[in-house]
Amino acid sequence: MNAVRHGFERGAKAASRFTGHPLCFGLAVGVVLVWVISGPLFGFSDTWQLVINTGTTIVTFLMVFLIQNSQNRDAAAVQIKLDELIRATESAENTLLDLEELDEETLEKFRARYEELACKARELLDNDEGDEGVSAPRDSASSREPGRDRRAAAPGPRSCPSAAARTRTRKDWPTSED
């Protein structure tokens, strides 16, 4: 079974590289042009139309699997790289490792927590800029939550939850066991 899998992976990578190349696009355009030009020779018959319809259907069907394989491989590589960055960063939350494997409810808890942090950061930024009409430096460590970068909290369309909803501490964060 490994030989089949290895062969598929090699073939999928090669096909992905080939189909993503401008030469392949040129070949596809060439095939369509030959088909269009041959129309008068075949009297624009049903068979002539069936040839292009069948060909494009088969190519599209196969490309779906090729694209999915390529996206799965790329997504897995990105997740591994992100997991390594989280693992290697001392102040990062290791509970975020392998986050993509959690259920939707737990992911929603994490999303809500980070939305709360973003709202809090925006409020701090608004308060700093409102004091005496002078903007505070963006990197002022005294006016931000320890270990968090306020610059990452760009204003968004959502309104911030109440202060009472933001009183949870790190120990209240969801974990993979939640």
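Residues numbered from 1 in each chain as written. Predicted model: local features only at pLDDT ≥ 70, side-chain atom pairs only at ≥ 80, totals over all residues. Heavy atoms only, no water.

Some remarks on the side chain of Ser38
Note the cut-off: Segments assigned H or I by DSSP are reported as helices when at least four residues long, segments assigned E as strands when at least two residues long, and all are numbered from the N terminus. Polar contact is the term for a pair of N or O atoms within 3.5 Å; when the atoms are in protein, one must be able to donate a hydrogen and the other to accept it, and sequence-neighboring residues count only if both atoms are side-chain atoms.
Along the polypeptide, Ser38 turns up in helix 2 (residues 22–38). Of the polar contacts made by the side chain of Ser38, one reaches the side chain of Trp48; its length is 3.2 Å.

Observations regarding the pattern of salt bridges
Applied cut-off: Criterion for a salt bridge: a side-chain nitrogen of Lys or Arg within 4 Å of a carboxyl oxygen of Asp or Glu.
Tallying each qualifying case throughout the model produces 4 salt bridges. Salt-bridge contacts for Arg87 lead to Glu84; the nearest nitrogen and oxygen are separated by 2.6 Å. Of this pair, Arg87 and Glu84 both sit in helix 3 (residues 46–88), 3 residues apart, which is roughly one turn of the helix. Taken together, the shared-partner salt bridges in this structure form one network comprising Glu108, Arg111 and Glu115.

Some remarks on the packing of aromatic side chains
Rules: Stacked, tilted and edge-to-face are the three classes assigned to paired rings of Phe, Tyr and Trp, where Trp is represented by its six-membered ring and a pair needs centres within 6.5 Å; plane angles under 30 degrees give stacked, over 60 edge-to-face, the rest tilted. Think of it in three bands: residues with accessible area under 20% of the maximum for their type are buried, residues over 50% are exposed, and the middle band is partly exposed, with areas taken using a 1.4 Å probe on protein chains only.
For the structure shown, the criterion picks out 3 aromatic pairs. Where Phe44 meets Trp48, the ring centres are 5.1 Å apart and the plane angle is 90°; that geometry is what we call edge-to-face. Phe44 sits in the partly exposed class, given a relative accessible area of 47%. Ring geometry for Phe61 versus Phe65: centroids 5.1 Å apart, planes at 80°, classification edge-to-face. One end of the pair is Phe61 and the other is Phe65, both in helix 3 and 4 residues apart, which spans about a single turn. Residue classification places Phe61 among the exposed residues on the basis of a relative accessible area of 53%. Site record: aromatic cluster; members linked through ring pairs are Trp35, Phe44 and Trp48.

Digging into unusual backbone geometry
For residues that are not glycine, phi is negative in most cases, and the peptide bond is trans in most cases. With phi around 50°, Phe44 is a residue other than glycine that occupies positive phi space. Considering the arrangement of structural elements, one finds Phe44 in the loop between helix 2 and helix 3. Within the chain, Asp98 stands out as a residue other than glycine whose phi angle is a positive 60°. Assignment of secondary structure puts Asp98 in the loop between helix 3 and helix 4 (104–130). Since its relative accessible area comes to 38%, Asp98 is described here as partly exposed.

Looking at the packing of helix 1 (residues 2–19) against helix 3
Selection criterion: Axis geometry follows a simple rule: fit a line to the C-alpha atoms, using only the stretch in contact for helices, then measure angles between N-to-C directions, giving values from 0 to 180 degrees. An angle below 35 degrees is read as roughly parallel, one above 145 as roughly antiparallel, one from 65 to 115 as roughly perpendicular, and any other as oblique. Note on contacts: a residue pair qualifies if any of its non-hydrogen atoms lie within 4.5 Å across the two residues. Three residue categories are used. Nonpolar comprises Ala, Val, Leu, Ile, Met, Phe, Trp, Tyr, Cys and Pro, charged comprises Asp, Glu, Lys and Arg, and polar comprises the others, including Gly.
Where helix 1 contacts helix 3, the two axes come as close as 10 Å, and the packing angle between them is 100°. Taken together, helix 1 and helix 3 sit at an angle that is classed as roughly perpendicular. Counted together, Phe8, Ala12, Lys13, Ala15, Ser16 and Thr19 of helix 1 and Met63, Leu66, Asn69, Ser70 and Arg73 of helix 3 form the full contact between these two elements. A per-class count over the contact of helix 1 with helix 3 returns 5 nonpolar, 4 polar and 2 charged.

Thoughts on the environment of Asn72
Inspection of the secondary structure assignment puts Asn72 in helix 3. The class for Asn72 is partly exposed, based on a relative accessible area of 44%. Of note is the side chain of Asn72, whose polar atom sits 2.8 Å from the side chain of Gln68.

Quick word on the packing of helix 2 against helix 3
Running from N to C, helix 2 and helix 3 point in directions that differ by 170°, and their axes come no closer than 11 Å. Considering the angle they form, helix 2 stands roughly antiparallel to helix 3. Taking contact as the criterion, the partners of Trp35, Val36 and Ser38 in helix 2 are, on helix 3, Trp48, Gln49 and Ile52. Among the residues forming the contact of helix 2 with helix 3, the class breakdown is 4 nonpolar, 2 polar and no charged.

The analysis is restricted to geometry; functional conclusions fall outside its scope.
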